[in-house]
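Take a look at the letters that make up each chain.
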Amino acid sequence: MIVVINLGLKSVRSIVFSYDGMVQAQASEPIHTYVSNESVEQDPREWERLTKDVVRKTMTELGDAAQSIEYVAVTTSASCLVAVDGHGTPTRNSVLVSDTRSTEQARLLANTFEFRSVLADTGLSPSPDLMLPKMMWIKRHEPEVLKATKHFMNVGDYLVALLTGRYVTDPNNASKFHHAAGIGYPNSLLDSLGLDPKGLPAVENAGTSVGKVLPEIATELGLPTSTEVILATYDALAAVTGTGAFEVGEAVDVSGTVTSFRVVTDHHVHDPEGRVYVNPHLDGTWLIGGSNNLGGGIVEWLKQLFFAGDDDPYGAIEAEAASEQPCPGGLIFLPYLLGERAPKWDPDCRGVFFGLNRAHGRPQMVRAVLESIGFSVRDIATVLKSFMVEPHVVNVSGGLARIDLANQIKADILGVPVQRLSNFETTSIGAALIALSATNVFSSPREGFSSFCRIDRVFEPNPAVHMVYDEYFELYRSTYDALRPVFEQRKRIIGRLSQVGISELTIAENL
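So, here's what we can say about the structure. Only a predicted model underlies this, so the values are computations on that prediction, with no experimental measurement involved.

Another aspect to go through is the pattern of salt bridges. Pairing between side chains of opposite charge can happen when their charged atoms approach one another. Considering all chains together, one arrives at 31 salt bridges under this definition. Of the charged contacts, one joins Arg56 and Asp53 as a salt bridge, the two residues approaching to 2.7 Å between their closest N and O atoms. Within this pair, Arg56 and its partner Asp53 are both found in helix 1 (residues 44–62), separated by three residues, close to a single helical turn. Assessed through its relative accessible area of 22%, Asp53 is described here as partly exposed. In this structure, Lys344 engages Asp379 in a salt bridge whose closest nitrogen and oxygen atoms are separated by 2.4 Å. Taken together, the residues Lys344 in the loop between strand 18 (332–334) and strand 19 (352–354) and Asp379 in helix 13 (residues 362–385) connect sequence positions 35 residues apart. The same class applies to Lys344 and to Asp379, which are both buried.

Tallied over the full model, the rule gives three cavities of 30 Å³ or more. Looking at the largest cavity, its volume works out to about 70 Å³. Around the largest cavity sit Val74, Thr75, Thr76, Gly156, Asp157, Val160, Asp170, Asn173, Leu231, Ala232, Thr233 and Tyr234, which together line it. If you list the elements that add at least two residues to the lining of the largest cavity, you get strand 6 (71–76) and helix 6 (155–164). Looking at side-chain class alone, the lining of the largest cavity contains five nonpolar, five polar and two charged residues.

Along strand 1 (residues 2–7), six of the six residues are buried, which leaves the element largely enclosed by surrounding structure. Residue alternation in strand 1 divides its side chains into two sets, Ile2, Val4 and Asn6 and Val3, Ile5 and Leu7, and both sets are buried. The pairing of strand 1 with strand 6 spans six bridges and is classified as parallel. Looking across to strand 6, one finds that Ile5 is bridged to Val74. As defined by bridge partners, strand 1 adjoins strand 2 (residues 11–17) across six bridges and the pair is classed as antiparallel. Paired with Asn6 across the two strands is Arg13, which belongs to strand 2. Remark: three residues form the turn of the hairpin made by strand 1 and strand 2, two consecutive strands paired antiparallel.

To continue, consider the side chain of Asp170. Within the secondary structure layout, Asp170 lies in the loop between strand 10 (168–169) and helix 7 (171–174). Put simply, Asp170 is tucked away with no salt bridge, and the nearest opposite charge, on Lys176, sits 9.7 Å away. One polar contact links the side chain of Asp170 to the main-chain amide nitrogen of Asn172, over a distance of 3.0 Å. For Asp170, the side chain forms a polar contact with the side chain of Asn173, separated by 2.7 Å. With sequence-adjacent residues up to four places away left out, Asp170 is seen in contact with Val203, Glu204, Ala206, Leu231, Ala232, Thr233 and Tyr234.

Our next topic: the sheet that holds strand 8 (residues 94–95). Taken in spatial order, the three strands make up an open sheet running 4-5-8, and their pairing is antiparallel. Two strands close off the open sheet at either side, each with one partner strand: strand 4 (34–36) and strand 8. By the bridge criterion, three bridges tie strand 4 to strand 5 (residues 39–42) in an arrangement that is antiparallel. Residue Ser36 lies in a different strand from strand 5, and its bridge partner there is Ser39.

Here we come to the sheet that holds strand 12 (residues 209–212). The strand order across the open sheet formed by six strands is 3-2-1-6-13-12, and the pairing between neighbours is mixed. Two strands bound the open sheet, and with one partner strand each, they are strand 3 (23–30) and strand 12. For this sheet, the mean angle separating the axes of adjacent strands, direction not counted, is 20°. The sheet strands contacting helix 1 are strand 1, strand 2 and strand 3, and the helix crosses strand 3 at an angle near 150°. Most of the contacts of helix 15 (residues 426–438) go to strand 1, to which it runs at about 135°, and overall it touches strand 1, strand 2, strand 6 and strand 13 (228–230).

So, how was this worked out
- Residues numbered from 1 in each chain as written.
- Predicted model: local features only at pLDDT ≥ 70, side-chain atom pairs only at ≥ 80, totals over all residues.
- Heavy atoms only, no water.
- Salt bridge = Lys/Arg side-chain N within 4 Å of Asp/Glu carboxyl O.
- Helix = DSSP H or I, 4+ residues; strand = E, 2+ residues; numbered from the N terminus.
- Buried < 20%, exposed > 50% of the residue type's maximum accessible area, 1.4 Å probe, protein only.
- 1 Å grid on protein atoms, 1.4 Å probe; cavity = no way out; pocket = protein on both sides within 12 Å on 5 of 7 lines; lining within 4 Å.
- Points joined across faces, edges and corners; volume = space filled by probe spheres on them.
- Nonpolar A, V, L, I, M, F, W, Y, C, P; charged D, E, K, R; others polar.
- Pairing = 2+ DSSP bridges.
- Lys, Arg positive; Asp, Glu negative; His and termini not counted.
- Polar contact = N/O pair within 3.5 Å; in protein donor to acceptor, adjacent residues only side chain to side chain.
- Contact = heavy atoms within 4.5 Å.
- Axes fitted to C-alpha atoms, helices over the stretch in contact; angles between N-to-C directions.

Quick look at the structure:
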């Protein structure tokens, strides 16, 4: 059996799979996120405590069968910077992927001479969701933290180090530090920035055995001392494998707090504008796409705003939205509550209802919010189309995939069938398949997938509705384009007024 530790933006899970794909035990705990203005953080010490709790719970549930555990794989969110001292103790909270405080550092990095060759090597433009701007921000604003820090890493690397004592990452996670295949980390750039490249984790291929779980940790968690930790990759890419995207033209939409959309292609793509990511996949294929800043997180916001006291808030959201026509009365919503990542990479844009009139009420606004998630996915797909990459089917998973109407809206907006899988834990399944194929339990992830998953339901696009969405998608894009200078003006106003104590609305709560 294999244990998969899956730490996302909202919760940490421990799931035990047998090699026939059956879940033998599982446990989860919610994680607190601390949001204030542009700051989005979590506490690594809470990760450690809760990860140990959920693994122990699954081992207790297994009883004597826990001694059959052979492997552990870890998959987590990407681009969440963790800083630790020489003893592995965090020196501050983790700076999450959606934190935009390092926007200025990203701009500075883009204009440095040393970054030009790095950009040519990676094709990855600097943005506040990536690691180097976050490290630069800490150097600029928290020099005492930088002085105390010996290692920088991602969430998954932190948990692997907790289990094995080794600081190791895979190439896809390393790419968030602008690591390039065949070249390595950008040491000259890091030196010029006053950052120590020796503080970054070693890079090994996904599927590599990192080593056995430390004896004292194995005993604490109830694992056999023979348990090996197998390197996986970050959640969005693990979910591609776990969602069954193996052939060219197959796409995945994994919608948890954010939505990750990727398509399998047989040719390498370089986007000179840096709007999308390209990662190696299986059998010489590539994955191209990216993630927005909020997918299911938009629905959570909607729930808190309008449905907090409802016994079945998601059912109520779906019922109200289903009662309305597409883009009711010409209403659209820009879902940029935390700015936007792919393909816009604009940390300054914000959410907008456009086209409101006196007749609009809550049901119409709810419909527009659900449609905005589909439009944000099509925004990525439109960039991919310019590189002759088009999906012919989309497999969906994650919490948002539980809402039938959200799946139908995506099918209608994209104009292709949307297939929902029977098992929503596709991220954990993908990590398990990566590990089990590397250890020869399966000959390939494709072979293992047939044991773990099946298609639960297919949502076919409605051609007439797709034509309506074609029109309104252009309005969606035009609205953002028209508002870009207004978003920048807003940012300047907030910056000036913050100097006299008037700032953007702050929420400092546990989400």
